[in-house]
Each structure stands twice: as structure tokens, then as C-alpha cells.
Amino acid sequence: MTTQAARPRSLLRPRKAHEHGKVTFVELFFDLVFVFAITQLSHGLLKDLTLLGAVHTALLFLAVWWVWIYTSWVTNWLDPDRTPVRLLLLVLMLAGLVLSTSLPEAFAEKGLGFAGAYVFMQVGRSLFTAAALRGHSPGNYRNFLRITAWLALSAVFWIAGAFAEAEARLALWALALAIEYASPSLGFWTPGLGRSTTADWDVEGGHLAERCGLFVIIALGESILVTGATFADLAPDAATVAAFAVSFIGSVAMWWIYFDIGAERGSRRIAHADDPGRLARIAYTYIHLLIIAGIIVGAVADELVLAHPGGHVDGRTAIALLGGPALYLLGNALFKWSTAGRIPLSHLVGLVLLALLVPAVDALSPLLLSAAVAVVLIVVAVWERLSLRGARALSSPEIG
């Protein structure tokens, strides 16, 4: 009787026909760190609501999103219920906590803590994934060698930026982000390994769609937490109660706009797409940035209105009140265009209505402007729901 060396058991996530991989509890546990990260970002922007502060927050947000979405891509392939993968997520969670605690002072004395944690998460996770895929998924193994090479290149600028000061740090970190954000569009081209195409990315679309939907919930949940915490510290007079109610209604409208139609339709679309990798890259990896950014800016606006519901609307409050929902509607419009093939008219009208509020800023208090924005979001949500019903009625064989 001959014996054969046992082949290492695959860490790949099992896939079944007509089913998408479930989001596991350890993935949800991992996401808790990013609840904290989103809170840190919104508080940091509120504390330094200047042009430079906005640029710093935008850069840090891009980094936070990138490390989260890359991890979500990895758990699309690797099975989080396997112990080695679970331990990987827990180690990344610890590093993510270091990264999150460094966010408020990332452009000050905690630059090395932020950059070190970020590089550790990105490069370390990619090396682990490449090792896990070797011998089990040759195409993705080669692709993760390419990804690791690109992340190692950007790591040089992350670490160099941590030792630089002021403008130099911003420039080096912006270059690092540019390298990472451009690499998927270039197929992670690497000397000796060539480039990949989206058709090579064997992504399970339903799982990735659910992960991104959960991140939208994280951002909306952080917005509600900020609203509740701020309201709890204020005297409950008529103005603050009204601002609290308007803020909540606005969050509900945002939830409705994304989840009522777009989220489920997007999940079905990517699950049955001929090239799910391409849709995952465009609709979920890039476009969702605008959606999450809109929620974060909207949370800052809610806190500003709760603190000062009356009086004159200053420039910072106006930009936050109008800019956050505008980013959110634009992101949703592009997301629905990429998954349904058309931009909803309701979203375009919503953007026009927000633009029409600009001349009225000087005549409105923060509370009234916030209420007007909430009305715009409600109009968009209701319009899209009625449009869907109308389309279903027209397509029904019983009609006509």
C-alpha cells in the first residue's frame, strides 16, 4: 500500500451554484473597528472644518475605505470560518484599531502609527492571501503577487510620509494613494507577471454587494450615534428637538434611497453578470466612496445644526448641509447607472433641487435649511418608489 503526501487543505471559501457566500460573524466583528474609524473621521472633520482639514479628512477616508474594501475582496475568496483566515481578520482588527486611534493626529505626531498600521494591514494581508491561494487558485495567486508588489511600492511613500512634515507628508501620502487607486485600473501590471483583467477576478458578487451594503449601514449608524450623543448633551428646547427630528428623518431617507431598490437590484445584477469583477471594481470599489463620503459629511452637518439650529447659516454649515446629500445622491445615481444601465431621474432632480437651495442659504436658518434638504431627500425616495411601481404596472400582463 502506497501513501501520498497530504495536500494542504484549501482556505478558499466554498461556493455553491445559485447561492452567494454568507457574511460571517467574524467579518461583522471586524467591521466594528470601522465604526470607530468613521466616527473618528467625522469628528476630525468637525473639529477642523477648513479646506485643509477637509483635504486631510478626505485622504484619510480614502485610506480607511481602501483597507476595508481590500479586506472584503479577500474574504470573498478566503473562508473566514477557517481558523487561519479568522486569525488573520483578528490581527487585522487589532491593527485597524491602532490605525483608527491614530486618525485624529495622523498629520501630527501619530503619523507613523497610522502609516505603519496601514502598511501592515495592506501588505501583510496580501502576502497571507497569496500564500493561501498558491496551489489552489493559480490565476488569483499570480494576481495577489501583483497586488503585493503595488502595495509594497506605495508602502515606501506611506512610511516616508510618516517621517515628513506638513505639506511633504500630504504630498507623499497622496502619491501613495494615487498608486493604490490607479493599480486596479491598470490590471496591477507588474514586470514579469504582466497584468490581469477583471475577467480573471473570480469574484462572488452577492457577497461583495452585501459587504458594501453593510458598510453603508455602518456609516448611517455612526450618523445616528452622533445625532443621539449630541442631542443628549443639549437642553431639549423646541429648536433642538426639531433639529433632532429632522436629522433622523434625513438619515431614514438616505437609508431608503440606497436600500429600497438599489442595493438588492445591484446584488442581483452582479450575481448574474458576465464579468462580475468589472462591476465589483466600478460599482462597489470606487463608486461607493461617494456614498459613504456623503453620509460622513451629512453627519457633520447634523451635528452643526444640532449645536446651532437658529441664526445665520455660515459657509461651513451650508457646504456640509448641501454637499453631503449631493455627494450621496451623486454616488447613488452612479451606482444605479452602473447596475441598471440608467441614472434615475429622481436623483438628477434631487441634485437640481439642492443646487436651487444655494441662493436661499442667506434667508434660512440652519434648521430650516436642514429641513429643506430632508424634504429633497424624501422627494427623491418617494419619486423612485413611485417610478418603480409605475414601471411594474406597465410591464404587468394584466394591464392594457
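Reading guide: rules and limits
Residues numbered from 1 in each chain as written. Predicted model: local features only at pLDDT ≥ 70, side-chain atom pairs only at ≥ 80, totals over all residues. Heavy atoms only, no water. Helix = DSSP H or I, 4+ residues; strand = E, 2+ residues; numbered from the N terminus. Rg over C-alpha atoms; globule rule 2.2 N^0.38 Å. Buried < 20%, exposed > 50% of the residue type's maximum accessible area, 1.4 Å probe, protein only. Contact = heavy atoms within 4.5 Å. Lys, Arg positive; Asp, Glu negative; His and termini not counted. Charge placed at Lys NZ, Arg CZ, Asp CG, Glu CD. Axes fitted to C-alpha atoms, helices over the stretch in contact; angles between N-to-C directions. Parallel < 35°, antiparallel > 145°, perpendicular 65-115°, else oblique. Left-handed = near helix turned anticlockwise from the far one by under 90°. Nonpolar A, V, L, I, M, F, W, Y, C, P; charged D, E, K, R; others polar. Core = buried A, V, L, I, M, F, W, Y, C linked by side-chain atoms within 4.5 Å. Salt bridge = Lys/Arg side-chain N within 4 Å of Asp/Glu carboxyl O. Patch = residues over 30% accessible without salt bridge, like charges linked within 9 Å, V, L, I, M, F, W, Y side chains within 5 Å. Areas by Shrake-Rupley, 256 points an atom, 1.4 Å probe, with all protein chains shown as cover. Phe/Tyr/Trp six-rings, centres within 6.5 Å; stacked < 30°, edge-to-face > 60°. pLDDT = per-residue confidence, 0-100.

1. Some words on the overall build of the chain
Of the regular secondary structure elements, the chain holds 13 helices and zero strands. Secondary structure of the chain in N-to-C order comes out as α-α-α-α-α-α-α-α-α-α-α-α-α. Against the globule reference of 21 Å for 400 residues, the chain gives a C-alpha radius of gyration of 22 Å, in line with a compact fold. For the chain, the C-alpha atoms occupy an extent of roughly 85 × 70 × 35 Å along the three principal directions. Within the chain, buried positions represent 52% of all 400 residues. Within the chain, counting contacts between residues at least 6 apart in sequence, those at least 24 apart form 81% of the total. The average position of the 28 basic charges and that of the 28 acidic charges among the side chains of the chain differ by 11 Å.

2. What about the packing of helix α2 (residues 51-77) against helix α7 (residues 205-232)?
One way to put it is that α2 packs onto α7 with a least axis distance of 10 Å and a crossing angle of 150 degrees. In terms of orientation, α2 and α7 fall into the roughly antiparallel class. Remark: the crossing between α2 and α7 carries right-handed chirality. Between α2 and α7, the residues in contact are Trp65, Trp68, Ile69, Ser72, Trp73, Thr75 and Asn76 and His207, Leu208, Arg211, Cys212 and Phe215, respectively. When grouped by side-chain class, the residues that make up the contact of α2 with α7 number seven nonpolar, four polar and one charged.

3. A short note on the nonpolar core
The biggest cluster of nonpolar side chains holds 112 residues, and the ones touching the most others in it are Phe34, Trp65, Ile69, Phe114, Trp158 and Ile292. Here the element with the most residues in this core is α2; it accounts for 14 residues. Non-local contacts of Trp65, meaning those with residues more than four positions away in its chain, are made with Tyr181, Cys212, Phe215, Tyr284, Thr285, His288, Leu289 and Ile292.

4. Some thoughts on helix α9 (residues 276-286)
Counting buried residues along α9, eight of its 11 residues qualify, which places the element largely inside the surrounding structure. Listed as buried for α9 are Pro276, Gly277, Leu279, Ala280, Arg281, Ala283, Tyr284 and Thr285. Each element contacted by the buried residues of α9 is listed here: α2, α7, α8 (238-271), α10 (288-307) and α11 (315-340).

5. Observations concerning the side chain of Glu180
Checked against the element boundaries, Glu180 lands in helix α6 (residues 166-182). In this structure, Glu180 is buried with no salt-bridge partner, the nearest side chain bearing the opposite charge being Arg125 at 7.1 Å. Contact partners of Glu180, with chain neighbours within four places excluded, come to Trp66, Tyr70, Tyr118, Gln122, Leu151, Ser154 and Trp158.

6. Brief notes about the environment of Val246
Among the structural elements, Val246 can be located in helix α8. In the structure, Val246 is positioned 33 residues away from Leu279 in sequence and 35 Å away in space, judged by C-alpha atoms.

7. Let's talk about a nonpolar patch on the surface
A cluster of nonpolar side chains, Ile224, Phe248, Ile249, Val252, Ile378, Val382 and Leu386, forms an exposed patch at the surface whose accessible area comes to about 580 Å². Tracing the backbone through its elements, the reader meets Val382 in helix α13 (residues 366-395). Using a relative accessible area of 43% as the deciding quantity, one classes Val382 as partly exposed.

8. Re the packing of aromatic side chains
Under the counting rule described, the total for this entry stands at 25 aromatic pairs. Here the aromatic rings of Phe30 and Phe34 are separated by 5.2 Å at their centres, their planes lie at 50 degrees, and the arrangement is tilted. Within this pair, Phe30 and its partner Phe34 are both found in helix α1 (residues 25-47), separated by four residues, close to a single helical turn. Taken individually, Phe30 and Phe34 each receive the classification buried, so the pair is uniform in this respect.

9. Concerning the packing of α2 against α6
Packing of α2 against α6 leaves a shortest axis separation of 11 Å and a crossing angle of 35 degrees. Pair α2 / α6 crosses with left-handed handedness. Across from Leu52, Val55, His56, Leu59, Leu62, Ala63, Trp65, Trp66 and Tyr70 in α2, the residues of α6 making contact are Leu170, Trp173, Ala174, Leu177, Glu180 and Tyr181. Taken together, the residues of the contact of α2 with α6 sort by class into 13 nonpolar, one polar and one charged.

10. Comments concerning the pattern of salt bridges
One pass over the structure, following the stated rule, counts seven salt bridges. Linking Asp31 and Arg211 is a salt bridge whose minimum nitrogen-to-oxygen distance equals 2.7 Å. One end of the pair, Asp31, is in helix α1; the other, Arg211, is in helix α7, and 180 residues separate them in sequence. Per residue, the accessibility class of Asp31 equals that of Arg211, and both read buried. For Arg385, the salt bridge goes to Asp260, with nearest N and O atoms at 2.7 Å. Here the residue Arg385 occupies a position in helix α13, and Asp260 occupies one in helix α8, the gap between them amounting to 125 residues. Beyond isolated ion pairs, a larger network of salt bridges with shared partners links Arg13, Glu27, Asp31 and Arg211.

11. Here's the deal with the confidence of the model for the chain
Averaged over all residues, the pLDDT of the chain is 92; the fraction at 70 or higher stands at 94%. Taking the mean pLDDT of every element in the chain, the minimum, 87, falls on α13 and the maximum, 98, on helix α3 (residues 83-102). pLDDT under 50 marks residues 1-6. Its contacts with residues more than four places away, or in other chains, come to zero contacts. Contacts from residues 396-400, a stretch scored under 50 in pLDDT, to residues over four places away or in other chains number one contact.

12. Describing the environment of Glu180
Judged by its relative accessible area of 1%, Glu180 is buried. Separated by 101 residues in the primary sequence, Glu180 and Arg281 place their C-alpha atoms 13 Å from one another.

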